[in-house]
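So the chains spell out like this:
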Amino acid sequence: MNEGLAADNGGVSAEAIDRRLRSEGILRAEGVPVLATLPVIESAAEALKRSKEEVALRTLCVLFVAAKGEGLGEELVEQLLESYELRPHLTPQELAFVLDHSPSQHDRIQFTWRHEAAWTLLWALGFVAQLGKPAQICDVEFAAGTMAERTTSQFIEDSELRPIADILDQADLIYRYHWAVRNARIRGQEVPAGLDPGVTQERHYALNWLIGYNEQAWDHVTTDT
């Protein structure tokens, strides 16, 4: 997230500074603490522009592994893996989880939380109208339905990737939400403004992948604050 850039030095675009200021305005209005020295993120010129197909396939994979985490039966897992032709698009960690017939409770929980990352990707593809404050879990039934009602090709066709500027707006905002969540935990305080740490983490993860933060592959995305 270009954490090394100082907001008041040259080399930082007016676009990135304006984005930070807009984010801070939203946070203050919601009663979320703001760190004025938290750096700007990438500009549109610096961010990775992913294709609609790439984001759509990633979304289907994340929805799929989240459904397995939730308890999807092994027979159905096999059927979906083949019918959606997802095997080549799953990450090493995802494929290992999908092929594990008795995953640990820890792994199930971790992958179930991926619904929140999928929700963020669904927003980026236009299936979800708005993200809003990360204060409550997503509509899992709706998220799963976006996949269940379509084939892979139909899902890609029905997707409409939002402009990179809109994605960056959310990436900057979640970066600052996440700082507030972590800062509260470090200080032993209650998480502010009703924010949900899990939802915040997964949104940040998905948005960092969307903008190509540090060129990290999905399994290795970091959510620095």
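Structure: see above.
A few points on the structure. Worth saying up front: this structure is predicted, and the values here are computed from it rather than measured.

So, on to the packing of aromatic side chains. This structure, assessed with the given rule, holds 5 aromatic pairs. An angle of 70° between the planes, with centres 5.1 Å apart, marks the rings of Tyr-205 and Trp-218 as edge-to-face. Of the two residues, Tyr-205 sits in helix H10 (residues 197–210) while Trp-218 sits in the segment after H10, which places them 13 residues apart along the sequence. Here Tyr-205 and Trp-218 have matching classes, each one buried. On the numbers, 5.6 Å between centres and 75° between planes, the contact of Trp-209 with Trp-218 is edge-to-face. Both residues of the pair, Trp-209 and Trp-218, count as buried. Members of the aromatic cluster, joined through ring pairs, are Tyr-205, Trp-209 and Trp-218. The lysine or arginine in question, Arg-58, covers the ring of Trp-218, its NZ or CZ lying 5.0 Å from the ring centre. For Lys-68, the ring lying beneath its charged end belongs to Phe-97, and the centroid distance is 5.5 Å.

A word on the environment of Ile-164. Summarising the element assignment, Ile-164 is placed in helix H9 (residues 164–186). Separated by 44 residues in the primary sequence, Ile-164 and Thr-120 have C-alpha atoms spaced 14 Å apart. Not counting the four nearest positions on each side in its chain, Ile-164 is found in contact with Ala-44, Ala-47, Leu-48, Lys-49 and Ile-211.

Counting 60 residues, the largest nonpolar core has Phe-64, Leu-86, Leu-121, Leu-210, Ile-211 and Trp-218 as the members making the most contacts within it. Of all the secondary-structure elements, those providing two or more residues to this core are helix H2 (52–70), helix H3 (74–83), helix H4 (92–99), helix H6 (114–124), helix H7 (140–148), helix H8 (152–158), H9 and H10. Of the residues forming this core, the biggest block, 10 residues, is contributed by H9. Apart from residues lying up to four places away in sequence, Leu-210 is in contact with Leu-48, Arg-50, Val-55, Leu-121, Ala-124 and Ile-167.

One pass over the structure, following the stated rule, counts 13 salt bridges. Two residues, Arg-19 and Glu-15, come together in a salt bridge whose shortest N-O distance is 2.7 Å. Taken together, the residues Arg-19 and Glu-15, both in helix H1 (residues 14–30) and 4 residues apart, mark about one turn of the helix. We classify Arg-19 as buried; its relative accessible area is 4%.

Time to look at the layout of surface pockets. Taken as a whole, the largest pocket spans an internal volume of roughly 240 Å³. Taken together, 15 residues line the largest pocket, and the ones lying closest to its centre are Gln-93, Gln-110, Phe-111, Arg-114 and Glu-202. At the level of elements, H4, helix H5 (105–112) and H10 are the ones that each hand at least two residues to the lining of the largest pocket. Counting residues per element, the lining of the largest pocket draws most heavily on H10, which supplies 4 residues. Each residue belonging to the lining of the largest pocket can be placed in one class, and the counts come to 5 nonpolar, 5 polar and 5 charged.

This part is about the packing of H2 against H6. Relative orientation of the contacting elements H2 and H6 amounts to 155°, with a least axis distance of 8 Å. As summarised for this structure, H2 and H6 are arranged roughly antiparallel, according to the angle between their axes. Relative to H6, the crossing made by H2 is left-handed. Taking contact as the criterion, the partners of Val-55, Arg-58, Thr-59, Val-62, Leu-63, Ala-66, Ala-67 and Glu-70 in H2 are, on H6, Arg-114, His-115, Ala-117, Ala-118, Leu-121 and Leu-122.

Each value, and the rule that gives it
Residues numbered from 1 in each chain as written. Predicted model: local features only at pLDDT ≥ 70, side-chain atom pairs only at ≥ 80, totals over all residues. Heavy atoms only, no water. Phe/Tyr/Trp six-rings, centres within 6.5 Å; stacked < 30°, edge-to-face > 60°. Helix = DSSP H or I, 4+ residues; strand = E, 2+ residues; numbered from the N terminus. Buried < 20%, exposed > 50% of the residue type's maximum accessible area, 1.4 Å probe, protein only. Lys NZ or Arg CZ within 6 Å of the ring centre and 35° of its normal. Contact = heavy atoms within 4.5 Å. Core = buried A, V, L, I, M, F, W, Y, C linked by side-chain atoms within 4.5 Å. Salt bridge = Lys/Arg side-chain N within 4 Å of Asp/Glu carboxyl O. 1 Å grid on protein atoms, 1.4 Å probe; cavity = no way out; pocket = protein on both sides within 12 Å on 5 of 7 lines; lining within 4 Å. Points joined across faces, edges and corners; volume = space filled by probe spheres on them. Nonpolar A, V, L, I, M, F, W, Y, C, P; charged D, E, K, R; others polar. Axes fitted to C-alpha atoms, helices over the stretch in contact; angles between N-to-C directions. Parallel < 35°, antiparallel > 145°, perpendicular 65-115°, else oblique. Left-handed = near helix turned anticlockwise from the far one by under 90°.

These figures capture arrangement, not role.
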